[in-house]
Amino acid sequence: MRTLALCLLFCMAGVTQAAQMPVAAMPGGILVYKHVQSIRERRFANIVEQKTDFSCGAAALATVLRQAYWLDVNEDQIIKGMLINADQNLVRTQGFSMLDMKRYLESIGMRARGYRIPTESLESVSIPVVVLLDIRGYKHFVVMQRAQKDWVYIADPVLGHKRFSHEDFAKGWNGIVFAIIGPGYDKTNTLLNPSAPLTVKNKLDMFSPVKDAELMDFGFIQSDFF
């Protein structure tokens, strides 16, 4: 059973786009078609993936603006907007700064504020915010979706959905959250409800043997079992 489960997961991982998969339904082996996503699609669901080495800030902004404010913007538009007032030579070597992002947001009628807060107060942040992480010496902007008791959930423009323990998050975080404020905020936006990371272990647990009582719910009787 576990071998079958692994084969199914590997097949799904090989699909690069959403598709319809035929599944045999009980009873009679009738085929039904179920909508499925590749693992990559699940990993980057509702996240704008960065396309260049220096555009993590633009992709993080685009993620928040698209999901929390329903603005039709993309990474390329935000890059061009930030370059208007940014030092282009500095951007090529260091990437965009929070000041560049603040100026861009103000140019489209939004407000932005940076707040320094202690790690123990992360759970009180009730909106998705942009944060700067230092990952092995590499400065990288990501979206902090939500902080809960045990985990900090991140929408990473390079790696997709991730989560860190509070301790591990604090090791790379500079202590500042960059909040975007403006009209049209969706209080039920999907960034506030991050799902658990997609792992093979989690999915294997779904393929446990069907209990006799569950089979009887489908109309089988005890004499059918062998």
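Residues numbered from 1 in each chain as written. Predicted model: local features only at pLDDT ≥ 70, side-chain atom pairs only at ≥ 80, totals over all residues. Heavy atoms only, no water.

As recorded in an unreviewed UniProt entry, the protein chain goes by Peptidase C39 and comes from Pseudomonas versuta.

Q: Just to check I follow, could you spell out the packing of aromatic side chains for this structure?
A: One pair of aromatic rings is described through two measures. These are the centre distance and the angle between the planes. Evaluated as defined, the whole model comprises 3 aromatic pairs. Ring geometry for Phe54 versus Phe96: centroids 6.0 Å apart, planes at 55 degrees, classification tilted. Of the two residues, Phe54 is situated in the loop between helix H2 (39-43) and helix H3 (56-69) and Phe96 in the loop between helix H5 (88-94) and helix H6 (98-107); the sequence distance between them amounts to 42 residues. According to the relative accessible area criterion, Phe96 is buried, its value standing at 6%. Arranged with centres 5.3 Å apart and planes meeting at 35 degrees, the rings of Phe169 and Trp173 form a pair that is tilted. Both residues of the pair, Phe169 and Trp173, count as buried. Sitting above the plane of the Trp151 ring, Arg163 keeps its charged end 4.0 Å from the centroid. (Phe/Tyr/Trp six-rings, centres within 6.5 Å; stacked < 30°, edge-to-face > 60°. Helix = DSSP H or I, 4+ residues; strand = E, 2+ residues; numbered from the N terminus. Buried < 20%, exposed > 50% of the residue type's maximum accessible area, 1.4 Å probe, protein only. Lys NZ or Arg CZ within 6 Å of the ring centre and 35° of its normal.)

Q: I tried to follow the pairing of strand S6 (residues 151-156) on my own but got confused; where do I start?
A: In the case of a regular strand, side chains alternate between the two sheet surfaces. Of all the 6 residues making up S6, 5 are buried; the element is thus mostly covered by neighbouring parts of the structure. Judged from the 4 bridges that link them, strand S5 (residues 138-147) and S6 form a sheet pairing that is antiparallel. Note that in S6 the partner of Ala147 across the bridge is Val152. Here 6 bridges tie S6 to strand S7 (residues 160-165), and the two strands are oriented antiparallel to one another. In the sheet register, Asp156 faces S7, and the bridge partner there is Gly160. With antiparallel pairing between neighbouring strands as the criterion, S6 and S7 make up a hairpin whose turn holds 3 residues. (Pairing = 2+ DSSP bridges.)

Q: Explain the environment of Val177 here, please?
A: One can find Val177 in strand S8 (residues 173-181). Spatially, the C-alpha atoms of Val177 and Val129 are 6.0 Å apart, while their sequence positions differ by 48 residues. What Val177 contacts, discounting residues up to four positions off in sequence, is Arg113, Gly114, Tyr115, Ile117, Val129, Val130 and Val131. (Contact = heavy atoms within 4.5 Å.)

Q: Got a minute to help me understand helix H4 (residues 75-83) in this structure?
A: The periodicity of an α-helix, 3.6 residues per turn, causes residues three or four places apart in sequence to face the same way. Of the positions making up H4, those classed as buried are Glu75, Ile78, Ile79, Gly81 and Met82. In an axial view of H4, the angular spread of the buried residues amounts to 165 degrees, which keeps them on one side of the axis. Looking at the buried residues of H4, the elements they touch are H3 and H6. (Arc of directions from axis to C-beta.)

Q: Can you walk me through the pattern of salt bridges in this structure?
A: Side-chain pairs of opposite charge can arise where the charged atoms are in close proximity. Following the criterion strictly, the structure yields 5 salt bridges and no others. We note a salt bridge from Arg66 to Asp72, for which the minimum N-O separation is 3.6 Å. With a relative accessible area of 33%, Arg66 lands in the partly exposed category. The exposure class assigned to Asp72 is exposed, which follows from its relative accessible area of 69%. (Salt bridge = Lys/Arg side-chain N within 4 Å of Asp/Glu carboxyl O.)

Q: What exactly am I supposed to notice about the sheet that holds S7 here?
A: In any sheet, the strands associate via hydrogen bonds between backbone groups, in a parallel or an antiparallel arrangement. The strand order S3-S8-S4-S5-S6-S7 describes an open sheet built from 6 strands, whose pairing is antiparallel. A single partner strand is all that each edge strand has here, and the edge strands are strand S3 (111-116) and S7. Ignoring which end each strand starts from, the neighbouring axes of this sheet average 35 degrees apart. Summarising the sheet, strand S4 (residues 129-135) and S8 pair through 3 bridges and their orientation is antiparallel. Following the sheet pairing, Val131 is matched in S8 by Val177. Lying on the sheet, H3 is in contact with S4, S5 and S8; it crosses S5 at an angle near 20 degrees. Set on the sheet, H6 makes contact with S3, S4, S5 and S8; between it and S8 the angle comes to about 5 degrees. (Axes fitted to C-alpha atoms, helices over the stretch in contact; angles between N-to-C directions.)

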